[in-house]
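Working through the structure, step by step
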Amino acid sequence: MGLRFPNPLGLAAGLDKNAEYVRPLSDLGFGWLELGTVTPQPQAGNPKKRLFRIPSHAALINRMGFNNIGVEAFVNNLKYPGKAGIVGVNIGRNKDTPNACAIDDYLQVLRAVAAYSDYVVINVSSPNTPGLRDLQERDALDELLLLLKHEQVALAKSYHVQVPIAIKVAPDLDDEQIAAVARIALERKLDAIIATNTTLTRPSMEGVLAAQEDGGLSGRPLKQLATATISKLYRHLQGKVTIIGVGGIESVDDAWEKLIAGADLLQIYTALVYQGPGVVGRIVRGLARRVKASGCTTLAEAVAKARNELRVTSSQ
Ligand SMILES: Cc1cc2nc3c(=O)[nH]c(=O)nc-3n(C[C@H](O)[C@H](O)[C@H](O)COP(=O)(O)O)c2cc1C
């Protein structure tokens with residue numbers, strides 16, 4: 001993505017939807033923050049209750065529905081007191097905007113945030129905006145990215161920097177859909193893919209009453225699904241497009257698993273809710289210890305070495 005991250009662990013989108021807590025969240029030790037999802041117009045989101053804890057499974061179900069203050073107020077928040085470290089902005093369309101006009105929403109928000117963000121994420125995977133996930137389908141995604149990449153070039157002329165563009169995908173895509181996303185990402189020279197958003201499925205949640213709530217499931221039950229999506233994407237992309245791995249990371253072992261599966265960077269949300277801010281340092285320090293133990297100097301080297309060792313063992 002052309003960026004240098006102080007450490008690989010970022011805050012996932014959806015916690016600071018309005019860019020209100022940039023400084024304090026940076027102080028928790030994250031390598032970077034992803035803010036939003038922000039839409040062109042302010043919107044209230046779904047009626048409450050819309051967020052449910054399932055502590056027995058270290059999971060959350062949410063159907064927030066992109067509650068946010070709209071891009072104009074969001075950008076004001078981001079301007080003052082100014083950025084602290086790397087900040088990505090996750091952008092979406094308003095609920096009332098039909099998919100046929102979604103591009104106008106994305107372009108409007110992209111233009112508004114480009115000067116204040118280090119990368120921008122096109123959110124086509126939230127389960128709580130009806131129809132949004134259809135934008136992951138091959139033709140819709142291809143057209144969307146074509147126009148957004150055009151805009152990226154146009155914006156680079158004004159700002160003299162090319163803001164990297166990522167897409168965030170769902171963990172509920174089948175193999176064919178994943179292959180199509182990867183092919184489009186390569187063809188359109190996408191800068192990164194974030195895998196994954198929350199799931200509409202309910203893995204290992206039999207008999208759990210709260211699991212019947214509508215919305216996206218995050219945390220421990222999402223982990224395997226997200227890791228599998230990362231592995232499949234990596235097999236197609238072979239390191240040519242940055243992968244940001246997210247979904248059910250609670251520990252340094254979980255973080256390592258995502259890196260071995262193909263992630264270059266990581267994000268968390270639900271673990272922060274259950275474990276509190278200490279989880280950030282535990283994971284970051286744990287990764288640093290693994291790099292040291294492997295005799296490497298960078299995380300990328302240590303991960304590449306571990307992936308190679310795994311390949312040798314599994315071919316024996
Ligand atoms: C309450 C809540 C709100 C979220 N809102 C957003 C959002 O606005 N945009 C987005 O891209 N992802 C959103 N997410 C998804 C997270 O960014 C992340 O992809 C997902 O929770 C999986 O990571 P985790 O298991 O570490 O929580 C939200 C998640 C939660 C729990």
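Provided above is the structure to which this section pertains.
A brief look at the structure comes next. (Residues numbered from 1 in each chain as written. Predicted model: local features only at pLDDT ≥ 70, side-chain atom pairs only at ≥ 80, totals over all residues. Heavy atoms only, no water.)

Next up on the list: the packing of aromatic side chains. Applying the stated criterion across every chain, the model contains one aromatic pair. Centroid distance Phe 5 to Trp 32: 4.9 Å. Interplanar angle 70°. Geometry classified as edge-to-face. Of the two residues, Phe 5 sits in the segment before β1 (9–11) while Trp 32 sits in strand β2 (residues 32–38), which places them 27 residues apart along the sequence. Accessibility assignment for this pair places Phe 5 and Trp 32 in one class, buried. Here the guanidinium or amino end of Arg 307 rests over the ring plane of Tyr 234, the centre of that ring lying 4.6 Å away. (Phe/Tyr/Trp six-rings, centres within 6.5 Å; stacked < 30°, edge-to-face > 60°. Helix = DSSP H or I, 4+ residues; strand = E, 2+ residues; numbered from the N terminus. Buried < 20%, exposed > 50% of the residue type's maximum accessible area, 1.4 Å probe, protein only. Lys NZ or Arg CZ within 6 Å of the ring centre and 35° of its normal.)

Moving on: the sheet that holds strand β7 (residues 165–169). Spatial strand order, β1-β2-β5-β6-β7-β8-β10-β11: eight strands in a closed barrel with parallel pairing. Going from strand to strand, the sheet's axes swing by 25° on average, the running direction of each strand aside. Summarising the sheet, strand β8 (residues 192–195) and strand β10 (residues 242–246) pair through four bridges and their orientation is parallel. In the strand pairing of β10, Ile 193 is matched with Ile 243. Helix α6 (residues 223–237) contacts β7, β8 and β10 of the sheet and is inclined by roughly 170° relative to β10. (Pairing = 2+ DSSP bridges. Axes fitted to C-alpha atoms, helices over the stretch in contact; angles between N-to-C directions. Contact = heavy atoms within 4.5 Å.)

Our focus in this paragraph is the sheet that holds strand β4 (residues 59–62). Spatially, the three strands line up as an open sheet ordered β3-β4-β9, and their pairing is antiparallel. On the outer flanks of this sheet lie β3 (51–54) and β9 (216–219), each paired with one strand and no other. Averaged over neighbouring strand pairs, the angle between their axes works out to 20° when direction is ignored. Taken together, the four bridges between β4 and β9 define a ladder with antiparallel strand orientation. Looking at β9, one finds that Leu 60 is bridged to Ser 218.

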